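Fold and geometry: a report
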Amino acid sequence: MASSSPDEPPAKETPGAECPIYEEIICLDRVEQNQRLAVEELIKTEASYVHTIELCVCDIRAHLRQKQLPDIDLEGLFSNIDDVLCVSKRFLKGLEATVSQEPEQLLLISALFQEFKEEMESVYKVYCACYEQALLLVESYKKDPRLQQEIVETLNTTVPHTGASDLSFFLVMPVQRVTKYPLLLQKILENTSARDNAYSALQSAASAMLEINANINEYKRRKEVATKYSKVEHLTLRERLGRLNKHSIAKKTTRLSRLFMHEAGIVPKTEDKEFDHLEEKFQFLASGVTELKENVTSYLNNLQVFLLSKPQECELEMEGAAQQYRRLAGTLHRTIFPEFRRRLDRLVYQPLCSLSETLKGPQQLIRKRLDKLLDYEEIEEKKSETGNVTYDEEATMNTYLAINTLLVSELPTFNQVAMKWLGQILCSLVALQTDLAKQVLQEAEIELAQLPHSHVPLPTFWKMVKDTLSQSGAQLNSFCQKFETVMPSPVVQPLSPAEERRVLSLVNKHGPEKLYQVTSNISGSRDLDLTLQRGQIVALLHEMDTKGNTNRWLVDAGGHRGYVLAGKLQPYHLVQSQKPRMQMLAPDAGAERRRHSYTLPETPKPQVLITPPAFQVVAGYAFTARSPHEVSLQAGQPLTVLEPHDKKGSKEWSLVEVNGQRGYVPSSYLMMVPTQELGGWSLPAWSLPTQQT
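Residues numbered from 1 in each chain as written. Predicted model: local features only at pLDDT ≥ 70, side-chain atom pairs only at ≥ 80, totals over all residues. Heavy atoms only, no water.

**With respect to the nonpolar core**
Considering soluble globular proteins, one finds that nonpolar side chains tend to be buried as a cluster. The biggest cluster of nonpolar side chains holds 63 residues, and the ones touching the most others in it are Ile72, Leu77, Phe113, Met120, Tyr124, Leu167 and Leu171. Sequence-distant contacts of Ile72, defined by excluding residues within four places in its chain, comprise Leu64, Leu77, Tyr141, Leu147 and Ile151. Core analysis: the next-biggest nonpolar cluster, separate from the first, contains 39 residues, Leu285, Leu303, Leu365 and Leu432 among them. (Core = buried A, V, L, I, M, F, W, Y, C linked by side-chain atoms within 4.5 Å. Buried < 20%, exposed > 50% of the residue type's maximum accessible area, 1.4 Å probe, protein only. Contact = heavy atoms within 4.5 Å.)

**Observations regarding empty space enclosed by the protein**
The final tally for this structure, using the stated rule, is one cavity of 30 Å³ or more. Considering only enclosed or pocket space, the largest cavity measures out at about 50 Å³ in volume. Together, Ile336, Glu339, Phe340, Arg343, Leu432, Asp435, Leu436 and Gln439 line the largest cavity. Secondary structure elements with two or more residues in the lining of the largest cavity: α13 (321–386) and α14 (391–448). Here the lining of the largest cavity is built from residues that sort into four nonpolar, one polar and three charged. (1 Å grid on protein atoms, 1.4 Å probe; cavity = no way out; pocket = protein on both sides within 12 Å on 5 of 7 lines; lining within 4 Å. Points joined across faces, edges and corners; volume = space filled by probe spheres on them. Helix = DSSP H or I, 4+ residues; strand = E, 2+ residues; numbered from the N terminus. Nonpolar A, V, L, I, M, F, W, Y, C, P; charged D, E, K, R; others polar.)

**Some details on the sheet that holds strand β8 (residues 640–643)**
If you trace the three strands from one edge of the open sheet to the other, you get β8-β9-β10, paired in antiparallel fashion. In the strand order of this sheet, the two ends are held by β8 and β10 (661–666), each with one partner. Across the sheet, the mean angle from the axis of one strand to that of its neighbour is 40°, orientation sign disregarded. Pairing between strand β9 (residues 653–658) and β10: six bridges, direction antiparallel. Residue Val658 lies in a different strand from β10, and its bridge partner there is Gln661. (Pairing = 2+ DSSP bridges. Axes fitted to C-alpha atoms, helices over the stretch in contact; angles between N-to-C directions.)

**A word on the pattern of salt bridges**
Overall, the coordinates contain 28 salt bridges when judged by the stated rule. Residues Arg258 and Glu377 are paired through a salt bridge, measuring 3.5 Å at the closest nitrogen-oxygen approach. Placement of the pair is Arg258 in helix α11 (residues 246–264) and Glu377 in helix α13, with a sequence separation of 119 residues. Residue Arg258 is classed as buried on the basis of its relative accessible area, which comes to 6%. For Glu377, a relative accessible area of 5% corresponds to the buried category. (Salt bridge = Lys/Arg side-chain N within 4 Å of Asp/Glu carboxyl O.)

**Some words on the environment of Lys382**
Residue position: Lys382 is located in helix α13. Here Lys382 falls in the partly exposed class, since its relative accessible area comes to 32%. Sequence-distant contacts of Lys382, that is, excluding residues within four places in its chain, are made with Gly387 and Glu393.

**Comments concerning the confidence of the model for the protein chain**
Caution applies to low-pLDDT regions: their predicted coordinates should not be interpreted in detail. Predicted confidence across the protein chain gives a mean pLDDT of 80, with 83% of residues reaching 70 or more. Residue range residues 1–18 is modelled with pLDDT below 50. Its contacts to residues more than four positions away, or to other chains, number zero contacts. (pLDDT = per-residue confidence, 0-100.)

**Remarks on helix α3 (residues 81–97)**
Compared with an ideal rise of 1.5 Å per residue, which puts 17 residues at 24 Å, α3 spans 24 Å between its outermost C-alpha atoms and is within 8% of the ideal. Of all the positions in α3, only Ile81, Val84, Leu85, Val87, Ser88, Phe91, Leu92, Gly94 and Leu95 are classed as buried. (Expected span 1.5 Å × (residues − 1).)

**Here's the deal with the side chain of Asn213**
Position of Asn213 among the secondary structure elements: in helix α9 (residues 199–229). A relative accessible area of 13% means that Asn213 is categorised as buried. Polar side-chain contacts of Asn213 include one of 2.8 Å to the backbone oxygen of Met209. Contact partners of Asn213, with chain neighbours within four places excluded, come to Val178, Thr179 and Pro182. (Polar contact = N/O pair within 3.5 Å; in protein donor to acceptor, adjacent residues only side chain to side chain.)

**Re the pairing of strand β1 (residues 515–518)**
Side-chain alternation along β1 places Leu515 and Gln517 on one buried face and Tyr516 and Val518 on a second face that is also buried. Pairing analysis gives three bridges linking β1 to strand β2 (residues 537–542), with the strands arranged antiparallel. Within the sheet, the bridge partner assigned to Leu515 lies in β2 and is Ala539.

This is the structure we're talking about:
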């Protein structure tokens, strides 16, 4: 056995066993360093982002607001950037607080993302949904050299260090930031060991941020669908017919047949109790806003007519109280009532119109939802039979689901905001009425203090009033009896042949007991409403609408059927005259009697000749001719209606003859009154009762 030579050098010890340990330590140090750098990047970029948003809000927007440029829509540009800034500042504060707690920093960061998940989603989804519209505004401002110059000047003044040439540089930052959160968390996660306690928490945080971005994209898609279908288009009949094609006709036919099968109970309806409840609230709100708008419009019109009368300019043959009344009426008509009307228009009517316009979008979307629901049910039935659908059919189903989901999520908030808006309008209306009452009472008290009876005890004053009214009533009763005695034979103004034929047609269809006359002009503002002129004859069909509202009656206007307000109809009887085939309309005697506050004594009726009540057309208001085809009128002037329409058939103008002249006048300026052409007699005169002191 050979032994090793002592002269051979000893074998060198190799560090092979220690190299993996060194490499593992170096790798761990590198991973930990990358992790620390990723955390620092998250915090530093968040701080830079918050600083930029603060510049956008506090400097850029504030500077543009100071310029007071009416053509720049700041709300449309910056949307809810204030909410984004508020959430981001609180989030940054939480991130900076984790720096001092390094052992638990990753767990704290993960918990912070989970804590702000809902707030981030709520503010960023609104901003991202409005971002495309903001970009369109920026592009439109670029086309206006004046506006673009103002924007560039603002950027150079407030943020010259950024070198930005337009607002899109700042507006895109929230969109970029919310999409970067998952990437930053993923980078921290890649440099975190799977055995680390914070690994699963970081995974959950990253998943939460990915979910936020997915929800934001879905919300944007729903908003785009809603924007597409909520636009209210005012198309003419020609334009609507131009859109018809084989595909649209087939689609509408399928929807209509599906709707008929729903109503007949052949196929079941898709029930959505949550949406049905929200829609019922919305429709109730929309109906209330519409009726309130109609009432306020009528109120403003009546107030305008009231202001046209000027009682303070009338020469009253009275002394004492007439002077105080004239001063009070002058003050009311010159200052108080005009100012009240302006405030009512600005604080009530205009906000009400804005609210009504705001409701049109959701109303259109709800109607489109019904159309898409019918399509959805048809495709679902086909899918259950064949097992597959086409790409377009799948897109149609997704459209319905998007519209339905958006309505269910947005209608509660919309209803709440709209109700609050309507409540503020009603509060303004109540406040205006209260102020008006106070001002009128204050002015009246000033004038009443100057009356000779202002210091008389109240019981004595009321006794004086009753005695004076009793005396005046007796004199008025005597005058009415004398008036009936000297009443000459009436002159009947016959109906035009066209009007006579239309009334005869209504009588043949519905009977004379169904005839009503329109007491004032009606402008239809809702679906199936009619637009009628004052004095027009209609036949009553039903004393309520389809929803059971007894204030809207269904009538036949001689060709057109629709709804009108019941308060603007007055019953009329058809009376035969002495000439064959000649007919006229007389107002209901009970309705006529209700106009007076006194009753006439029974007098024997002449039995030799029975004549129908006579009526005459007069000018209700003064009218000044503006062209050779028109004729001027004075208020109360009698005239003869030759044609109740113009050459084009429009009933807004009527051809009349007055003082031998013929011409057109507005139909709304005409009114029918009892004939009062009395000859050979004069009004009875009596002296006013002297006031007792």
